[in-house]
Amino acid sequence: MTVIGIIGGGEVGSQIARAAIASGYQVVIANSREPATLKDLIEELGPSARAATAAGAAEAGDFVIVAVPLKLVNDMPVEQLAGKIVLDTNNYMAWRDGHFAVIESGGKTVHELRQEQLPGAKVAQAFTHIQAPRLFLSASPAGSPDRHALSVSSDFPEAVALVTRLYDQFGFDTADNSPLSASWRSGPGQPAWMAHAHQTRAELLVNLARARKSIPA
């Protein structure tokens, strides 16, 4: 059985864990504190989940989801993530993260910075423009009319392929918004972000094309 490492036990990480278990995965979850602090969540998720440190979750996962904000000084387990596909669910929000000049100048996206911090990993932007509760509310079977779509950005085709499979298993179509340098197109303030409640693949592709860097992140 495939194991997903999840770094981040907040709303996003825990809801992805629920969706993953419902799709037949096992999950190993970490937060910024001790694994014991995840006791209630693990009990809720059941036998397909266990808690670990960030390094432990990274090592255990066949692939890993990072559901915590990026820091300019890397706090992710670089060695344990090397060679793995890493799904980055983070959005850059200056009110929360502080001002990152390289992002605000348009020089790098937050996901490019994550890739630079994890040079041995294959980073993909994923789950960034859907509210966590909608992972269940908006899901529908493959082939459903007007199926909700989500974007993915990566410099690695194999990472895009994995996210595409995962989205489909969770109940969503995929719009490929690669490479990572284009991941700003689905970020806060952009049309794809504003339409997060529901957009089909065709609508999402239009919204990604409508993105303008003049809209503040």
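In case you missed it, the structure is sitting above this.
Described below are features of the structure shown in this document. Note that this is a predicted model, so its numbers are computed, not measured.

### Quick notes on the side chain of Ser-154
Then step 1. Relative to the elements of secondary structure, Ser-154 occurs in strand β7 (residues 149-154).
Then step 2. You can call Ser-154 buried: its relative accessible area is 4%.
Then step 3. Within the structure, Ser-154 has its side chain in polar contact with the backbone oxygen of Val-123 (distance 2.8 Å).
Then step 4. Those residues within four positions of Ser-154 in sequence are excluded, and the remaining contacts are Val-123, Ala-124, Ala-159, Val-160, Ser-178, Pro-179 and Leu-180.

### Quick word on unusual backbone geometry
Then step 1. Of note, the amide linkage connecting Ser-178 to Pro-179 takes the cis form, showing an omega dihedral of 0°.
Then step 2. The backbone phi angle of Asp-146 is positive, close to 60°, even though this residue is not glycine.
Then step 3. You can see Asp-146 is positioned in the loop between α8 (134-137) and β7.

### With respect to helix α11 (residues 201-209)
Then step 1. Looking only at α11, the buried set comprises Leu-204, Asn-207 and Leu-208. Across the axial projection of α11, the buried residues extend over an arc of 100°, all falling on one side. Those residues of α11 that are exposed and angled more than 90 degrees off the buried face are Ala-202 and Ala-209.
Then step 2. Its buried side turned inward, α11 meets β7, β8 (173-176) and α10 (191-194).

### A word on the sheet that holds strand β2 (residues 26-30)
Then step 1. If you walk across this open sheet you meet the 8 strands as β3-β2-β1-β4-β5-β6-β7-β8, and the pairing is mixed. If you trace the sheet from one side to the other, it starts and ends with β3 (49-51) and β8, each paired once. Across the sheet, the mean angle separating the axes of adjacent strands is 25° when strand polarity is ignored.
Then step 2. Sheet contacts for helix α9 (residues 157-170): β1 (3-7), β4 (63-66), β5 (85-88), β6 (122-125), β7 and β8; angle to β7, the most-contacted strand, approximately 160°.
Then step 3. Across the face of the sheet, α11 comes into contact with β7 and β8 while running at roughly 25° to β8.

### Some thoughts on the nonpolar core
Then step 1. Counting 33 residues, the largest nonpolar core has Ile-4, Ile-29, Phe-63, Leu-87 and Phe-127 as its most contacted members.
Then step 2. Among the elements of the structure, β1, α1 (11-22), β2, α2 (39-45), β4, β5, β7 and α9 are those that each provide at least two residues to this core.
Then step 3. Residue contributions to this core peak at 7 residues, all from α9.
Then step 4. Setting aside anything within four residues of it in sequence, one finds Ile-4 in contact with Ala-20, Tyr-25, Gln-26, Val-27, Val-28, Gly-61, Phe-63, Ile-65 and Leu-166.

### Regarding the packing of aromatic side chains
Where two aromatic rings form a pair, the distance of their centres and the angle of their planes describe that pair.
Then step 1. Taken as a whole, this structure holds 3 aromatic pairs when the rule is applied.
Then step 2. Plain terms: the ring middles of Tyr-25 and Phe-63 are 6.3 Å apart, the flat faces sit at 85° to each other, and that makes the pair edge-to-face. Of this pair, Tyr-25 sits in the loop between α1 and β2 while Phe-63 sits in strand β4, placing them 38 residues apart in sequence. The burial state of Tyr-25 is the same as that of Phe-63; both residues are buried.
Then step 3. Between Phe-127 and Phe-170 the ring centres are 5.8 Å apart and the planes differ by 40°, which places this aromatic pair in the tilted class. Placement of Phe-127 in the loop between β6 and α8 and of Phe-170 in helix α9 is noted, with a sequence separation of 43 residues between them.
Then step 4. Among the residues examined, Phe-170 registers a relative accessible area of 6% and is labelled buried.
Then step 5. Put simply, the rings of Phe-127, Tyr-167 and Phe-170 touch in pairs and so form one group of aromatic residues.

What counts, and at which threshold
Residues numbered from 1 in each chain as written. Predicted model: local features only at pLDDT ≥ 70, side-chain atom pairs only at ≥ 80, totals over all residues. Heavy atoms only, no water. Helix = DSSP H or I, 4+ residues; strand = E, 2+ residues; numbered from the N terminus. Buried < 20%, exposed > 50% of the residue type's maximum accessible area, 1.4 Å probe, protein only. Polar contact = N/O pair within 3.5 Å; in protein donor to acceptor, adjacent residues only side chain to side chain. Contact = heavy atoms within 4.5 Å. Arc of directions from axis to C-beta. Pairing = 2+ DSSP bridges. Axes fitted to C-alpha atoms, helices over the stretch in contact; angles between N-to-C directions. Core = buried A, V, L, I, M, F, W, Y, C linked by side-chain atoms within 4.5 Å. Phe/Tyr/Trp six-rings, centres within 6.5 Å; stacked < 30°, edge-to-face > 60°.

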